[in-house]
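# An overview of the molecular structure
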Amino acid sequence: MQQDDRKLFVLDTNVLLHEPLAIYSFKEHDVVIPMTVLEELDQIKDRKRDVSRDARVAIRALEDILGGTTTPEEIVQGVKLPRREDHGDVSGSLAIFPDHQLEMTKTSLPGDNNDNRIINTALHLQKIHDPRIVVLVTKDINMRLKAKGAGILLVEDYRTDQLIDDIRFLTKGFHQFNGDFWERKEHVTTTVQGRHTVHTVPITEIGDENFYVNQYLMDKDSNFCGRVIEKTDTDLHLLDLGKDRLLNLDAWGVRPKNIHQGMAMQALLDPDIDLVILTGPAGCGKTLLAIAAALEMVVERGLYDKIIVTRNTPEIAESIGFLPGTEEEKMAPWLAAITDTLEVLHKNDVNPSGSMNYIMDKANIQFKSINFMRGRSIQNSVVILDECQNLTASQIKTMITRMGEGTKLICSGNLAQIDTNYLTAVTSGLTYIVERFKNFEGSANIYLNGVVRSRLAEFAEENL
């Protein structure tokens, strides 16, 4: 490959914090890390925050490549990136650029700001390497605008972990057919497996939709609702559920208010599904269904030993240490949605407060900080990971890999309520796992369509 055919990618600090091993994601192209980025990583690595771990991982990755006998001249010129098992197509180089040595020019931005120094580096490289393509990669939207305005031709977001281009194309977990599903189905085979009825339907008679395991199918004109339990090259095997049966499911006194909640509850109560992902607008019932199903499976059915509830908030790592009490008590302000839900489930009891305390003890409900989940192996539990839209793909991977034998993970979130810097609906970890796990037989994803909290909440969701 000619030198001019290889692009030069200049990485911002937030790219390495979002994905510490991002240097391996650019295949045959070369990567440049400005010295300012190393300084920012150094400032972050010693903070008592979860992001500090990502900074340390990024620094160690750079050390593995540039450390040892590498000379300063080689580091500036570029060192060939080693091949990794998960990045076998890597063939570019990695260089550190001493941006503190750059002289100010009329075309450069003021050098008293770290973002400006990184932009000036990209401008300098674009000038000296012309006509080679130089790309500045940053997850900071404002920095991308500044860079464009300063004269950098190509400025991009880091999208290696982005699986879809538009949130409208995100898998919803169900497919609705027009009319009656059973019309013009001529080659259906039905078998009874214990208490379950399974239909085998040729894919050619259903349509060209890209169906996947644990996707729910329903129609508009009949009572049909089924779940794909197996897919072959020619057939779909559908577990017959029926809308009426789904709407009559019961978990801890809670019944579905619509068919979408019915599908979600069916997945939540199925012990063969290890991961349930609930998405949807505020007020659609994600947390209520998750808590009700968890209590039903732990207390009533005895399928699991305890319930662990955790979530991520932007300020949690900085603020949790200053709150009084145990870890559970420190977490309480950020998990008020869970305690609110428990109050709703027991509001008609003679002594609601006593009932809540009894149930929290009986179900062994534990509130845990996501910062302290790393390194754990959680067995025989229901884990509820709330507000997933604020997690990166790397953070959610860390959580999922904590799940041990006999544990069910429930992830919920609203992609319209992202509070974390540098994340959008298409780059959120919640979007990532919805797409990555849709073909996994041990997971189900349901978009809860419709606000059921109140007519006020429904109007606000639709009109504000």
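Because the structure is a prediction, the values reported are computed rather than measured. Once a new chain begins, its residue numbering starts again from 1 and follows that chain's sequence as written. Restriction of local features to residues with pLDDT of at least 70 applies here, the model being predicted, together with a cutoff of 80 or more for giving and counting side-chain atom pairs; totals for whole chains, interfaces and linings are based on all residues. As a rule here, side-chain values cover all heavy atoms of the structure and leave hydrogens and water aside.

### Brief notes about the overall build of the protein
Secondary structure assignment for the protein yields 16 helices and 18 strands. Taking the principal axes of its C-alpha atoms as reference, the protein extends roughly 75 × 60 × 45 Å. When a residue's accessible area, from a 1.4 Å probe over protein chains only, is under 20% of the maximum for its type it is buried; when over 50% it is exposed; and in between it is partly exposed. By the burial criterion, 53% of the 464 residues in the protein qualify as buried. Only the protein chains shown count as cover for residues, with accessible areas throughout obtained via the Shrake-Rupley method and a probe of 1.4 Å. Taken as a whole, the protein presents about 22,900 Å² of accessible surface, with 48% of it coming from carbon and sulfur. By definition, any uninterrupted DSSP run of H or I lasting at least four residues is a helix, any uninterrupted run of E lasting at least two residues is a strand, and each is numbered from the N terminus.

### Looking at a nonpolar patch on the surface
Distance thresholds for patches are 9 Å for like charges and 5 Å for nonpolar side chains (Val, Leu, Ile, Met, Phe, Trp, Tyr), applied to residues having over 30% relative accessible area and no salt bridge. Just to be clear on terms, a salt bridge is a Lys or Arg side-chain nitrogen sitting within 4 Å of an Asp or Glu carboxyl oxygen. A contiguous nonpolar patch, built from Ile-133, Leu-153 and Leu-154 and spanning about 260 Å² of accessible area, is present on the exposed surface. In this fold, Leu-154 is placed in strand β6 (residues 154-156). Relative accessible area serves as the criterion here: at 33%, Leu-154 is assigned to the partly exposed category.

### Some words on the pairing of strand β12 (residues 235-240)
The buried fraction of β12 is high, at five of six residues. The turn joining strand β11 (residues 225-231) and β12, which pair antiparallel and follow one another in sequence, is formed by three residues. What makes two strands pair is DSSP finding at least two bridges between them.

### Things to note about the packing of aromatic side chains
Stacked, edge-to-face and tilted are the three classes for Phe, Tyr and Trp ring pairs, Trp counted by its six-membered ring, which pair at centre distances within 6.5 Å; planes under 30 degrees apart are stacked, over 60 edge-to-face, the rest tilted. Applying the stated criterion across every chain yields a total of eight aromatic pairs. Plain terms: the ring middles of Trp-182 and Phe-224 are 5.3 Å apart, the flat faces sit at 75 degrees to each other, and that makes the pair edge-to-face. In this pair, Trp-182 sits in the loop between β7 (174-177) and β8 (189-193) while Phe-224 sits in the loop between β10 (216-219) and β11, placing the two residues 42 residues apart along the sequence. Taking the relative accessible area as the measure of exposure, Trp-182 reaches 30% and is therefore partly exposed. A residue is classified by how much of its surface remains accessible, and Phe-224, at 5% relative accessible area, is buried. Here the aromatic residues Phe-177, Phe-181, Trp-182, Phe-211 and Phe-224 are joined through ring pairs into a cluster of three or more.

### Quick word on the sheet that holds strand β15 (residues 365-367)
Strand-to-strand pairing in sheets goes through backbone hydrogen bonds, with the strands running parallel or antiparallel. Taken in spatial order, the six strands line up as β15-β14-β16-β17-β13-β18 in an open sheet, and their pairing is parallel. Among the strands making up the open sheet, the edge pair consists of β15 and β18 (443-447). Going from strand to strand, the sheet's axes swing by 15 degrees on average, the running direction of each strand aside. Examined bridge by bridge, strand β14 (residues 306-311) and β15 share three bridges and lie parallel to one another. When the sheet's bridge partners are listed, Ile-308 is paired in β15 with Gln-366. Where helix α8 (residues 259-269) meets the sheet, it contacts β13 (275-279), β17 (408-413) and β18, and its direction lies at approximately 160 degrees from that of β18. Axis definition: a line fit to C-alpha positions, over the contact stretch in the case of helices; interaxial angles, taken between N-to-C directions, run 0 to 180 degrees. Should any heavy atoms of two residues lie within 4.5 Å, those residues are considered in contact.

### Quick look at the sheet that holds strand β9 (residues 196-202)
If you walk across this open sheet you meet the six strands as β7-β10-β11-β12-β9-β8, and the pairing is mixed. The open sheet has two free edges, formed respectively by β7 and β8, since each of these has just one partner strand. Strand-to-strand twist across the sheet, computed as the mean angle between neighbouring axes with direction ignored, equals 30 degrees. In terms of strand pairing, β9 meets β12 through five bridges, oriented antiparallel. Bridge pairing in β12 links Val-201 to Leu-236. Docked against the sheet, α8 engages β7, β10 and β11, running at close to 150 degrees with respect to β10.

### Here we look at the side chain of Lys-185
The residue Lys-185 is located in the loop between β7 and β8 in this model. A residue counts as positive if it is Lys or Arg and as negative if it is Asp or Glu; His and the chain ends are not included. Lacking a salt bridge, the buried Lys-185 has Glu-205 as its closest oppositely charged neighbour, with an N-O distance of 6.3 Å. Counting of polar contacts relies on pairs of N or O atoms within 3.5 Å, with two restrictions inside protein: one atom must be capable of donating a hydrogen and the other of accepting it, and residues adjacent in sequence are counted only when both atoms are side-chain atoms. Polar side-chain contacts of Lys-185 include one of 2.7 Å to the backbone oxygen of Phe-181. Sequence-distant contacts of Lys-185, defined by excluding residues within four places in its chain, comprise Val-201, Glu-205 and Ile-206.

### Brief notes about helix α9 (residues 286-300)
An expected span of 1.5 Å times one less than the residue number is assigned to each helix. Here α9 is 15 residues long and its end C-alpha atoms lie 21 Å apart, about the 21 Å a rise of 1.5 Å per residue gives. Within α9, 12 of the 15 residues are buried, which leaves the element mostly enclosed by the surrounding structure. When we look at burial in α9, the residues that qualify are Lys-286, Thr-287, Leu-289, Ala-290, Ile-291, Ala-292, Ala-293, Ala-294, Leu-295, Glu-296, Met-297 and Val-298. Two residues or fewer after α9 comes Gly-302, characterised by a positive phi angle close to 65 degrees.

### What about the packing of α8 against α9?
Contact geometry of α8 with α9 gives a least axis separation of 10 Å together with a crossing angle of 35 degrees. When the axes of α8 and α9 are compared, the crossing they make is right-handed. Packed against α8, whose contacting residues are Gln-261, Ala-264, Met-265, Leu-268 and Leu-269, the element α9 presents Leu-289, Ala-290, Ala-293, Glu-296 and Met-297 at the interface. In the scheme used here, Gly and all other residues not listed as nonpolar or charged are polar, with Ala, Val, Leu, Ile, Met, Phe, Trp, Tyr, Cys and Pro taken as nonpolar and Asp, Glu, Lys and Arg as charged. Residues belonging to the contact of α8 with α9 are distributed by class as follows: eight nonpolar, one polar and one charged. Whether a crossing is left-handed or right-handed is set by the direction in which the near helix is turned from the far one by less than a right angle, anticlockwise for left-handed and clockwise for right-handed.

### What about the packing of helix α14 (residues 393-400) against helix α15 (residues 429-436)?
Axis separation between α14 and α15 bottoms out at 8 Å; the angle between their running directions is 60 degrees. On the basis of the axis angle, α14 is oblique to α15. The crossing of α14 and α15 is right-handed. Counted together, Ala-393, Ile-396 and Ile-400 of α14 and Gly-429, Leu-430, Tyr-432 and Ile-433 of α15 form the full contact between these two elements. Each residue belonging to the contact of α14 with α15 can be placed in one class, and the counts come to six nonpolar, one polar and no charged. Here roughly perpendicular refers to angles of 65 to 115 degrees, roughly parallel to angles under 35, roughly antiparallel to angles over 145, and oblique to all remaining angles.

### Topic: the nonpolar core
Across soluble globular proteins, you tend to see nonpolar side chains buried next to one another. Ranked by internal contacts, the top residues of the largest apolar core, which has 48 residues, are Leu-295, Ile-307, Ile-365, Val-382, Ile-384 and Ile-446. It is α9 that provides the largest number of residues to this core, a total of nine residues. Discounting chain neighbours no more than four positions away, the residues touching Ile-365 are Leu-295, Ile-307, Val-309, Leu-342, Ile-359 and Met-360. In this text, buried Ala, Val, Leu, Ile, Met, Phe, Trp, Tyr and Cys residues form a nonpolar core when linked through side-chain atoms within 4.5 Å.

### As for the confidence of the model for the protein
For the protein, per-residue confidence averages 85 on the pLDDT scale, and residues scoring 70 or more make up 91% of the total. The low-confidence segment residues 315-319 (pLDDT under 50) makes 12 contacts with residues lying over four places distant or belonging to another chain. Per residue, pLDDT measures the predictor's confidence, with a range of 0 to 100.

### Observations regarding the pattern of salt bridges
According to the stated counting rule, one finds 13 salt bridges in the structure shown. Note that Lys-243 is salt-bridged to Asp-219, the shortest N-O span being 3.8 Å. Of this pair, Lys-243 sits in helix α7 (residues 243-247) while Asp-219 is found in strand β10, placing the two residues 24 residues apart along the sequence. Asp-219 carries the same exposure label as Lys-243, and that label is buried.

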